[in-house]
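Listed here are the chains, written in short residue letters.
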Amino acid sequence: MISLKLSNGIEIPQIGFGTFEIPDDTAAEAVKTALEAGYRHIDTAAIYRNENGVGKGIKESGIPRNEIFLTSKLWNDDQGYDTALKAFDESLKKLGTDYLDLYLIHWPKAKNKESWKALEKLYKDGRVKSIGVSNFKEHHLDDLLTEAEIIPMINQVELHPQFPQKEIRKYCMEKGIIVEAWASLMQGQIFDKKIVIQIAEKHGKTVSQVGIRWAVQNGIVTIPKSTHIQRIKENLNVFDFELDQDDMLKMEELNKGIRIGRDPDKIDF
Ligand code: NDP
């Protein structure tokens, strides 16, 4: 598995396993399946309400904790200094671990700066190996950086060929922030895109593999989610082919600047 290096030297496997909408009672099985298939990076969040299951899956896999890159996220209701510290403890407890590899502020909110101070403390105390944000636009980062001691190491955003986020990628690259994509498979909407189907046929690969490979070749971390064993394996099998310049140009045609998820400036949750 290829890894990318964060600004603090920590390595993050470029393909991780997403767990959004996997219920707590099936998360253990899904995570175990992913780890058996070779994933070493798991993405969850307090709001997914599956941290117990994710932690159980990690334990039952028998794979040493230090070989797995584990991410969780601070939910909006817990933003603030003391509340963030408490929420982090709760996530650790549910996950059955004594540290995280990455902790993210899930969505930009009014208390970003207080929350960030808490994440900086957790990082300095060695309780989390890297810290970052999610769904932050340039102006959210600009504002955070006016007081931040530590520059976020990751920004996890919605990113796929239809919404490639070129501006935020450029901004993050200049600041040494690694970009991580959610919804690389457009939450299922990539599967009927003719261009991607044609590229997949050309390489004898699947649509999903082309979507994931596109992220990999763009230097982005990606965390596809599936609950099906064959798909979980398929999504990791993207290192035996390469999208050529023509493929990458064709993928550009999908860029409509249209999100699937919510605009971070307009969220009300
Ligand atoms: P994805 O783009 O990963 O798409 C997941 C969908 O694609 C599911 O319906 C899945 O179905 C299907 N799928 C996956 N692999 C295949 C395949 N090989 N063939 C056919 N269908 C497939 O969407 P997500 O929203 O799950 O995003 C990925 C991860 O990003 C999340 O799980 C979560 O960890 C994170 N995330 C973060 C957010 C944030 O705000 N920071 C917001 C949303 C997600 P099935 O399961 O039935 O196989």
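To keep things clear, this report deals only with the structure shown in the data block. If you're wondering where the values come from, they're calculated on a predicted model, not measured in any experiment.

Section: the overall build of the chain
What the chain contains, in helices and strands, is 10 helices and 10 strands. Against the compact-globule benchmark of 18 Å for 269 residues, the chain has a radius of gyration of 18 Å, which places it among compact chains. The principal-axis extent of the C-alpha atoms belonging to the chain is close to 55 × 40 × 35 Å. Among the 269 residues that make up the chain, the fraction classed as buried is 55%. A fraction of 73% describes how many contacts in the chain between residues 6 or more apart in sequence connect residues 24 or more apart. Across the chain, the centroid of the 37 positively charged side chains sits 1 Å from that of the 42 negatively charged ones.

Some remarks on the site of the ligand
Surrounding the ligand, one finds 29 residues, the nearest of these being Asp43, Gln156, Gln187, Ser226 and Arg231. Here a nitrogen atom of the ligand and a side-chain polar atom of Tyr48 are 3.2 Å apart. Across the complex, the protein chains shield 88% of the 900 Å² of accessible surface that the ligand would expose by itself. Partitioning the shell around the ligand into residue classes produces 10 nonpolar, 14 polar and 5 charged.

Description of the sheet that holds strand β9 (residues 178–182)
The strand order across the open sheet built from 8 strands is β3-β4-β5-β6-β7-β8-β9-β10, with neighbouring strands paired in parallel fashion. Both outer strands of the open sheet, β3 (17–18) and β10 (221–222), are each paired with one neighbouring strand and no more. Inspection of the sheet shows strand β6 (residues 102–105) paired to strand β7 (residues 131–134) by 3 bridges, in the parallel sense. Following the sheet pairing, Tyr103 is matched in β7 by Ile131. Sheet strands touched by helix α3 (residues 81–95): β5 (69–74) and β6. Its angle to β5, the strand with the most contacts, is close to 140 degrees.

Concerning helix α7 (residues 194–203)
Of the positions making up α7, those classed as buried are Ile195, Val196, Ile199 and Ala200. The arc enclosing the buried residues of α7, seen along the axis, measures out at 135 degrees, which places them on a common side. Along α7, exposed side chains directed more than 90 degrees from the buried face belong to Lys194 and Glu201. Its buried side turned inward, α7 meets α8 (207–217) and α10 (245–252). With its phi angle positive at about 65 degrees, Gly204 sits one or two positions after the end of α7.

Calculation notes
Residues numbered from 1 in each chain as written. Predicted model: local features only at pLDDT ≥ 70, side-chain atom pairs only at ≥ 80, totals over all residues. Heavy atoms only, no water. Helix = DSSP H or I, 4+ residues; strand = E, 2+ residues; numbered from the N terminus. Rg over C-alpha atoms; globule rule 2.2 N^0.38 Å. Buried < 20%, exposed > 50% of the residue type's maximum accessible area, 1.4 Å probe, protein only. Contact = heavy atoms within 4.5 Å. Lys, Arg positive; Asp, Glu negative; His and termini not counted. Charge placed at Lys NZ, Arg CZ, Asp CG, Glu CD. Near = heavy atom within 4 Å. Polar contact = N/O pair within 3.5 Å; in protein donor to acceptor, adjacent residues only side chain to side chain. Areas by Shrake-Rupley, 256 points an atom, 1.4 Å probe, with all protein chains shown as cover. Nonpolar A, V, L, I, M, F, W, Y, C, P; charged D, E, K, R; others polar. Pairing = 2+ DSSP bridges. Axes fitted to C-alpha atoms, helices over the stretch in contact; angles between N-to-C directions. Arc of directions from axis to C-beta.

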